[in-house]
Amino acid sequence: GSLQQPIPPATGTLLAQQPMDASKPEVELSTPWGACVLAGLGLGYAAAAAGAYGRQGSSRMVRAAEGKPAVAAARTPVAYPIFTFRWLAIHALTIPTVFFLGAISSMQF
């Protein structure tokens, strides 16, 4: 006894309605992941190129420098910080250096 369902005469049969044969393993066709990645890259590039082509006519970029004003504005004073990273780096190196040089020189006499 075979437990196969009869196939209806319609041309489009579903996978569940097809007879199952234990001797033939079912082969599942799949798309390689590399092809999917390349297709996505191609679509992204096409979208970026289309957007760049659409913006080509608009003047979004400044192509020349602005002219200088006839009268220069007065310079406003700037309050610079005293303790900067440079100040910390210099003093972190020089203070121990001077201390050790003094200690070494005092041992000589």
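Residues numbered from 1 in each chain as written. Predicted model: local features only at pLDDT ≥ 70, side-chain atom pairs only at ≥ 80, totals over all residues. Heavy atoms only, no water.

**A short note on the overall build of the protein chain**
The helix and strand inventory of the protein chain stands at two helices and zero strands. By residue count, 0% of the 109 residues in the protein chain fall in the buried class. Carbon and sulfur atoms make up 67% of the accessible area of the protein chain, which totals about 11100 Å². (Helix = DSSP H or I, 4+ residues; strand = E, 2+ residues; numbered from the N terminus. Buried < 20%, exposed > 50% of the residue type's maximum accessible area, 1.4 Å probe, protein only. Areas by Shrake-Rupley, 256 points an atom, 1.4 Å probe, with all protein chains shown as cover.)

**Quick notes on the packing of aromatic side chains**
Throughout the structure, instances matching the rule amount to two aromatic pairs. With a centroid separation of 4.6 Å and 85 degrees between ring planes, the pair formed by Phe83 and Trp87 is classed as edge-to-face. Residue Phe83 is classed as exposed on the basis of its relative accessible area, which comes to 57%. Arranged with centres 5.6 Å apart and planes meeting at 80 degrees, the rings of Phe99 and Phe100 form a pair that is edge-to-face. With respect to class, Phe99 is no different from Phe100; both count as exposed. (Phe/Tyr/Trp six-rings, centres within 6.5 Å; stacked < 30°, edge-to-face > 60°.)

**A short note on a nonpolar patch on the surface**
Nonpolar side chains collect at one region of the surface, where Trp33, Val37, Leu38 and Leu41 lie side by side and expose about 500 Å² of accessible area between them. Looking at where Leu38 falls in the secondary structure, it is placed in helix α1 (residues 33-55). Owing to a relative accessible area of 61%, Leu38 belongs among the exposed residues under this scheme. (Patch = residues over 30% accessible without salt bridge, like charges linked within 9 Å, V, L, I, M, F, W, Y side chains within 5 Å. Salt bridge = Lys/Arg side-chain N within 4 Å of Asp/Glu carboxyl O.)

**Notes on the environment of His91**
As for its placement among the helices and strands, His91 is situated in helix α2 (residues 85-106). At 2.8 Å, the side chain of His91 forms a polar contact with the backbone oxygen of Trp87. (Polar contact = N/O pair within 3.5 Å; in protein donor to acceptor, adjacent residues only side chain to side chain.)

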